[in-house]
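Here are the chains, one letter per residue:
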Amino acid sequence: MTAKIVEIFHSLQGEGLFIGEETTFVRFLGCNLFCSYCDTFYARDEKRATEMDLDQVQRAVSLTARPGQFVSLTGGEPLLWAGFVAALCPGLKGMGLRVYLETNGTLVAEMERVAASVDVVSMDIKPPSACGQDLWETHRRFLGLVKEKAFVKLVITSNILPEEVEKTVGLVAEIDSNLPLILQPASGDLAPDMDRVRRFLAEAQGRLSEVRIISQMHKRWGIK
C-alpha cells in the first residue's frame, strides 16, 4: 500500500487549539476543494510528491517525532488517502505519537474509516464564499461523526458573509455547544478588519462555550 506524500517535516503547530506544540507533519497530495485562501496549493503538484509505503512514512516520521508529540496528517486533503491513513495510524500510535488529522470536513465515508484511529480532528468549515459550494449538510454529518475529538476552524476573510459565520455557529451549537470554534483571520489580500472579527467572536460567544480568535502563527514565526 502506498500514498503520494508531498513532504514530511518537523515544526511547531502554527494554528488551532494546539498552537506552539512540536509536531511532525505528513502532507498528502491532492485536495477535493479549491478555496480562495488556500496557502498550500503546491500540495496539488504531483511533481513535488513521492510515492511512499507505510514503512517509509513511519521511518521518516521517526527521525524527528518523539513519544507524546503530535503527528499531523495534512494536505491538501489527507482523507483522499483514507485507506492508507487507516493503515498508517496504528503504526504511528504504536510509536507513542498522537495522531492529529487536518481536514476540510467533506469526506464523510472516508472519515468513518479512520475516526477510531485518530486522536484530534481539526475540521475546517468551508462556506460558499471560500469554496463556491454549499457544504453545510455535509459538514453537519461530518462533525456529528467526530464531535468527541474535534475542534472547528473557520477562516475569516474580508469577503466572508455575516450569515456564513452565523450559520457556522448554529451548526456547531446544534452538534454540541461545547465544541471549540476557532476564528482564524486570513492573511494577505484577504485579511479581514479585526473589529469585524471581534464582533463575530462576541456573537459566537453567546451560543458556544469556547470560541477563540487565533491567527496562523507559523507565518509570523517565519517557519513552515
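Preceding this section is the structure that the text describes.
Residues numbered from 1 in each chain as written. Predicted model: local features only at pLDDT ≥ 70, side-chain atom pairs only at ≥ 80, totals over all residues. Heavy atoms only, no water.

S.K.: Tell me about unusual backbone geometry, and name the residues and values.
M.R.: Of note, the amide linkage connecting Gly 75 to Gly 76 takes the cis form, showing an omega dihedral of 10°. Mapped onto the elements of the fold, Gly 76 is located in the loop between β4 (70–74) and α2 (82–94). (Helix = DSSP H or I, 4+ residues; strand = E, 2+ residues; numbered from the N terminus.)

S.K.: Any chance you could break down the pattern of salt bridges for me, citing the residues and the numbers?
M.R.: This structure, assessed with the given rule, holds 13 salt bridges. For the salt bridge of Lys 224 with Glu 7, the shortest nitrogen-to-oxygen distance reads 2.4 Å. One end of the pair, Lys 224, is in the segment after α8 (217–221); the other, Glu 7, is in strand β1 (residues 2–12), with 217 residues separating them in the sequence. Lys 93 is the salt-bridge partner of Asp 119, the closest N and O atoms lying 3.2 Å from each other. With Asp 119 in the loop between α3 (108–114) and β6 (120–124) and Lys 93 in helix α2, the pair connects residues that are 26 residues apart, well separated along the chain. What makes Lys 93 partly exposed here is its relative accessible area of 34%. (Salt bridge = Lys/Arg side-chain N within 4 Å of Asp/Glu carboxyl O. Buried < 20%, exposed > 50% of the residue type's maximum accessible area, 1.4 Å probe, protein only.)

S.K.: I'd love a proper account of helix α1 (residues 54–62), names of residues and values included.
M.R.: Residues of α1 that are buried: Val 57, Gln 58 and Val 61. One side of α1 carries all its buried residues, which in axial view fall inside an arc of 95°. Packed against the buried residues of α1 are β1, β2 (22–28), β3 (50–53), β4 and α2. The backbone nitrogen of Asp 55 lies 3.2 Å from a side-chain oxygen of the residue at the head of α1, namely Asp 53. (Arc of directions from axis to C-beta. Contact = heavy atoms within 4.5 Å. Polar contact = N/O pair within 3.5 Å; in protein donor to acceptor, adjacent residues only side chain to side chain.)

S.K.: So what's going on with the nonpolar core? Residues and values would help.
M.R.: Leu 73, Met 111 and Leu 143 are the most contacted members of the largest nonpolar core, which totals 51 residues. Not counting residues up to four positions away in its chain, the partners in contact with Leu 73 are Val 26, Phe 28, Pro 78, Val 85, Leu 88, Cys 89, Leu 92, Val 99, Tyr 100, Leu 101 and Glu 102. (Core = buried A, V, L, I, M, F, W, Y, C linked by side-chain atoms within 4.5 Å.)

S.K.: Tell me what's going on with the side chain of Asp 124, and back it up with residues and numbers.
M.R.: Inspection of the secondary structure puts Asp 124 in strand β6. Residue Asp 124 is classed as buried on the basis of its relative accessible area, which comes to 9%. In this structure Asp 124 touches Tyr 37, Thr 103, Asn 104, Gly 105, His 139 and Lys 153, once residues within four positions along its chain are discounted.

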